[in-house]
Amino acid sequence: MAEESSLRGAGWWRLARELDPFRATWRLFTNVRWAIGIIAFLALASLVGVVVPQVPVAVRGDAVAEGRWLNVQEGRFGFLTGGMNSLGLFDVFHVGWFIYALGILVVSVAVCTASRLPPIWRSVNRPAKRVNDAYFQSARHRFEYETPAGASRLESVLRRRLYAVERYEEGDTVYLFAERFQLAQLATFVSHLALIVILAAALVSRFSGFSNGMMIAEGASGPVFPLKNPRQMQVQLLDAVGRFTPDGQPLEYSSKLAIYEGGEEVKRCTTTVNSPCSYRGYRFHQAAYFGFGADVQVRDLASGNVVFRETLSLASTLPTPHVTVRDGGGDVLLDETMVLTDVLSDDQFTYYGRLVALPGGRTLTIGARKAAGQDEWRLAVFEPGERSDAVRVVLSEGESATAGGLEVEYADLQAVPAEFVPDFPLPPDSATGGSRSVLLEMSNVVYGTETASEGTAVEPAASAGPPELTIVGVRPQALTLRPGEKAEAGGYEYSFVGQREFAGIQVKRDRGDYLVWLGAGLLLAGLLVTFWVPRRRLWARITPARTQLAGHAGHLVNFEREMAEMARDEGGIVDEQHGQEGDE
Amino acid sequence: MAEDLRATGPVEVDESPQRRRVWRGPWRSVVLPIVAVGAIAGAIWWLDYRPDSGSSPYDARYGPVEMPAALVPPGMAVEAKVGSLAPDFLLATLDGGELRLSDLRGKAVIVNLWATWCAPCRKEMPQFVAAYDRYKDEGLEVVAVNVQESPSIIRPFADDFGMKFPVVLDKRSSVSDSYRLIGLPMTYFIDREGVILSVFQGPFLEQLRGTRVQGAIEEDELTRRIQEILG
């Protein structure tokens, strides 16, 4: 590349210049190969960041969690894991060398752009209006033809084509200088500025982007920032809605939110997956939905105070077999989808069961049993006692059997939302007191509640009636409550306030988004102007015999064809002499 | 219009000025572009971090305040550390009043930093309610400092859980900062002279199955610390 300097001097002078760190830096940053190298490096790093698993956001910053995550990666990458972690390959877009490379590219583009500004600015504002006659023979784009008889009309032809024309006469030779849309040359700086803005957007996102996810129960609130922050806001979930097809496919999730700031409610809005709420640059996205929450309250009857109030997420499931028991005469003694409340498990099997008292005095232990490593839940029905014809059957789903004068049918297996809840308060006069882990199961549920969602039973079709919450472990016999119902146990009152839904709300703020849009707009504008604005610069030498045209134009322009058209417009006789063809 | 161009003289044409780079000295070629990039970065940073306008107004009176000199014994430090005087503050209460910590001098005070969204805080609160009911006649006061929540969110919780002690609103978290809050819940036990005798960073011990413990704070531990500040 040409370099406007006086380096073509003595060797020592060049050497002295080369030792100038500023000059050396400038040479490096204005070198196109250097820029291409940086871009290629970043592209390769980005590819690595896409292909290699990256540290999840939730784990980043937590040394213990990161260590566990790396142990998992060791199963895939083996002995390479340590080295890859040291190089930052598991967190490419946040590692120092990637950020530095982005920063260096930004500075390089800025220095390179600044170094090219003077010649381009001079070209735009102080063009060479009078060129050497030799230029008409050497120009990349040139054309000549026989000057038509009479006064040359080339000037008017050029003006009609929106050229600004200047004229110079030297004897019987007329020189013209014509140009149009020369400011379009500056579009290259717009494109370079776009690159800087887009790179800046990446850095802005890296350093000031914010993202935090919350899972909030209806009626509850959560902080946008962990712990405290001068900009702290709370998000309260007023209503979570999930809509499903009859076969359980999700159609839409939405959440009605109240946003608080400085202790005051500042906004109410509804957010959906595709249309987030916005407040002061923060976007509140609908990210998740979960329909099986139970609002449970425990009150101390002595003081009247609440000692426990939580909306519990019943994220697990327990098997609920549909069992029918008939007597010898065919009368139905039991027909129920059974909520199982007794839990037994060891290394060999898992068992959930319940004692059932049949009309007529017989008692059965009915349960679902699964062997370790197996998927099948088998129904086990046992009758305690010493009867010779006691019921002892084990059935697979869909089977039935007759024993002890009873027909037992295992119609099908369903599932209910359930969860073991640690630290659940026990009645103060219970043998253990304090708190312990209890089992909560919620049967008769649909996605959503009848008052909040257009829910539809997913599997199976729910029985008529509201959901029922079974609490196992606060007293010898399980508590089963419908919404609004209360039960007393040992000085505490346990109530099932109702089924509640959860919404996952992702709060994001990224000023880089706006910069990306700006950068994209600038890039588009710069490219459009560079490639589509028909800027031209033309010199003409007109003698009585010949007219010579020479000039230059933007990219991808067949300037000779335009020159030939100008010649024909003027009425000149076009011969076969052309300059070098422009690009097609 | 014709113009005499002879003054410019014929020159060579540079058809590709964008391919040329011009060294104009270290300042204009290197330093100035870097300064320009820095200025753009600074502008973006300022746009991102400038104080937001339109935020909810909040009474500037509330927050940490200077301890009255008469209440500071000579040589006594005022800071959120064991053995020092507890920093004074003035905050609005949930009931619409206001509370100044130094006005409680002469009482044993538990300052509990909490929020309704904090699950361990919710589990602990019944213990403070029970402790207040049990020891208030002996001079115990509990001050529940809520961190940056709205009264409309706090009030239902406070009513349900029977929080009869002052609930104060640290809307700007300035008091939380002065009390070195690093996680919720956090509890300061302050004696009748205003001296911090102990600090408890929650949550407390894990639940001990089969023993008589209630909530997140082991009852014996809470009782011990309360009796320590009651003197």
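Residues numbered from 1 in each chain as written. Chains lettered and ligands numbered in written order. Predicted model: local features only at pLDDT ≥ 70, side-chain atom pairs only at ≥ 80, totals over all residues. Heavy atoms only, no water.

1. Regarding the overall build of chain A
From N to C terminus, chain A includes 11 helices and 29 strands. A buried classification covers 47% of the 584 residues belonging to chain A. When the accessible surface of chain A is summed, it comes to about 27,900 Å², and 55% of that surface belongs to carbon and sulfur atoms. (Helix = DSSP H or I, 4+ residues; strand = E, 2+ residues; numbered from the N terminus. Buried < 20%, exposed > 50% of the residue type's maximum accessible area, 1.4 Å probe, protein only. Areas by Shrake-Rupley, 256 points an atom, 1.4 Å probe, with all protein chains shown as cover.)

2. Structural notes on the sheet that holds strand β16 (residues 349-357) of chain A
All names here are of chain A. An order of β15-β16-β17-β18-β19 is seen for the 5 strands of this open sheet, with the pairing classed as antiparallel. The open sheet terminates on both sides in strands that have one partner only, identified here as β15 (342-345) and β19 (392-395). Pairs of neighbouring strands in the sheet enclose a mean axial angle of 20 degrees, with direction left out of account. In this structure, β16 lies alongside strand β17 (residues 363-371), joined through 9 bridges in antiparallel fashion. Among the inter-strand pairings, T350 is bridged to a residue of β17, identified as K370. (Pairing = 2+ DSSP bridges. Axes fitted to C-alpha atoms, helices over the stretch in contact; angles between N-to-C directions.)

3. Looking at the confidence of the model for chain A
All names here are of chain A. Averaged over every residue, the pLDDT of chain A is 84; residues scoring 70 or more account for 89%. When the criterion is pLDDT under 50, residues 448-462 qualifies, and its contacts beyond four places in sequence or with other chains add up to 36 contacts. Between residues 578-584, whose pLDDT stays under 50, and residues either more than four places distant or in other chains, the model counts 20 contacts. (pLDDT = per-residue confidence, 0-100. Contact = heavy atoms within 4.5 Å.)

4. Concerning helix α2 (residues 119-135) of chain B
Between its terminal C-alpha atoms α2 of chain B stretches 25 Å, which fits the 24 Å expected from 17 residues at 1.5 Å a residue. A maximum bend of about 30 degrees is found in α2 of chain B at M125 of chain B, where proline P126 of chain B lies one to four positions downstream. (Expected span 1.5 Å × (residues − 1). Bend = angle between axes of the 7 residues up to and from the residue.)

5. Concerning the packing of helix α9 (residues 187-208) of chain A against helix α10 (residues 512-532) of chain A
Residues and elements named next belong to chain A. Contact geometry of α9 with α10 gives a least axis separation of 8 Å together with a crossing angle of 165 degrees. One finds that α9 runs roughly antiparallel with respect to α10. Along this stretch, α9 crosses α10, giving a crossing that reads as left-handed. Counting all contacts with α9, which are made through A187, T188, V190, S191, L193, A194, V197, I198, A200, A201, V204 and S205, the residues of α10 involved are G512, L515, V516, L518, G519, A520, L522, L523, G526, L527, V529 and T530. Looking at the contact of α9 with α10, its residues break down into 17 nonpolar, 7 polar and no charged. (Parallel < 35°, antiparallel > 145°, perpendicular 65-115°, else oblique. Left-handed = near helix turned anticlockwise from the far one by under 90°. Nonpolar A, V, L, I, M, F, W, Y, C, P; charged D, E, K, R; others polar.)

6. A look at the environment of L406 of chain A
Residue and element names in this part refer to chain A. Residue position: L406 is located in strand β21 (residues 406-425). Look at L406 and you get buried, because its relative accessible area is 3%. With 55 residues separating them in the primary sequence, L406 and Y351 have C-alpha atoms 23 Å apart. Non-local contacts of L406, meaning those with residues more than four positions away in its chain, are made with V325, R326, D327, L333, L358, R362, L364, V391 and A401.

7. Notes on helix α2 (residues 21-29) of chain A
Listing the buried residues of α2 of chain A in full gives R23, W26 and F29 of chain A. Down the axis of α2 of chain A, the smallest arc covering the buried residues is 130 degrees, so these residues share one side. (Arc of directions from axis to C-beta.)

8. Topic: the state of the cysteines
Under the defined criterion, the tally for this structure stands at 2 disulfides over all chains. Here C269 of chain A pairs with C277 of chain A through a disulfide, and the sulfurs are 2.1 Å apart. Between C269 of chain A and C277 of chain A the disulfide shows an S-S torsion of about 125 degrees. By sign, it is right-handed. Take C269 of chain A and C277 of chain A: they sit in the same class, and that class is buried. Shown here is the disulfide that connects C118 of chain B with C121 of chain B, its sulfur atoms set 2.2 Å apart. Taking the torsion about the S-S bond as the criterion, the C118 of chain B to C121 of chain B disulfide, at about 80 degrees, is right-handed. Taken individually, C118 of chain B and C121 of chain B each receive the classification buried, so the pair is uniform in this respect. (Disulfide = S-S within 2.5 Å.)

9. A look at the pattern of salt bridges
Here the idea is simple: oppositely charged side chains can pair when their charged atoms come close. By the definition in use, this model includes 33 salt bridges over all chains. Two residues, R130 of chain A and D133 of chain A, come together in a salt bridge whose shortest N-O distance is 3.9 Å. Residue classification places R130 of chain A among the buried residues on the basis of a relative accessible area of 7%. Residues E310 of chain A and R122 of chain B are paired through a salt bridge, measuring 2.7 Å at the closest nitrogen-oxygen approach. Of this pair, E310 of chain A sits in strand β12 (residues 306-313) while R122 of chain B sits in helix α2, which puts the two residues in different chains. Assessed through its relative accessible area of 13%, E310 of chain A is described here as buried. (Salt bridge = Lys/Arg side-chain N within 4 Å of Asp/Glu carboxyl O.)

10. Looking at the pairing of strand β7 (residues 233-244) of chain A
All names here are of chain A. For β7, the buried fraction is high: 9 of the 12 residues fall into the buried class. Pairing geometry for strand β6 (residues 221-223) and β7, over 3 bridges, is antiparallel. The partner of P223 across the bridge, within β7, is Q234. In the sheet, β7 pairs with strand β8 (residues 250-261) via 11 bridges, with the strands oriented antiparallel. From the neighbouring strand, Q236 faces β8, where its bridge partner is A258.

11. Remarks on a nonpolar patch on the surface
Residue and element names in this part refer to chain A. A surface patch of nonpolar side chains, amounting to about 780 Å² of accessible area, comprises I198, L523, L524, L527, L528, F531, W532 and L556. Broken down by element, the nonpolar patch gets its largest block of residues, 6 residues, from α10. Inspection of the secondary structure puts L556 in the loop between β28 (546-553) and α11 (559-570). A relative accessible area of 58% means that L556 is categorised as exposed. (Patch = residues over 30% accessible without salt bridge, like charges linked within 9 Å, V, L, I, M, F, W, Y side chains within 5 Å.)

12. Remarks on the sheet that holds β7 of chain A
Residues and elements named next belong to chain A. With antiparallel pairing, 4 strands are arranged side by side in an open sheet as β6-β7-β8-β9. The open sheet has two edge strands, β6 and β9 (264-272), and neither has a second partner. With direction set aside, neighbouring strand axes in the sheet form an average angle of 25 degrees.

13. Side note on the environment of R362 of chain A
Residue and element names in this part refer to chain A. Take R362: it is sitting in the loop between β16 and β17. Sequence spacing of R362 and V92 is 270 residues, and the spatial spacing of their C-alpha atoms is 67 Å. Apart from the residues within four sequence positions on either side, R362 is in contact with V356, A357, E383, R387, D389, V391, G404 and L406. From its side chain, R362 meets the backbone oxygen of G404 in a polar contact 2.8 Å long. (Polar contact = N/O pair within 3.5 Å; in protein donor to acceptor, adjacent residues only side chain to side chain.)

14. Digging into the packing of helix α3 (residues 32-51) of chain A against helix α6 (residues 96-125) of chain A
Residues and elements named next belong to chain A. Close contact between α3 and α6 brings their axes to 10 Å; oriented N to C, the two are set at 155 degrees. With respect to α6, the element α3 is oriented roughly antiparallel. When you trace α3 past α6, the crossing you get is left-handed. Between α3, through V32, W34, A35, I38, I39, F41, L42, A45 and S46, and α6, the contact on the second element is made entirely by W97, F98, A101, L102, I104, L105, S108 and R116. Classifying every residue of the contact of α3 with α6 gives 14 nonpolar, 2 polar and 1 charged.

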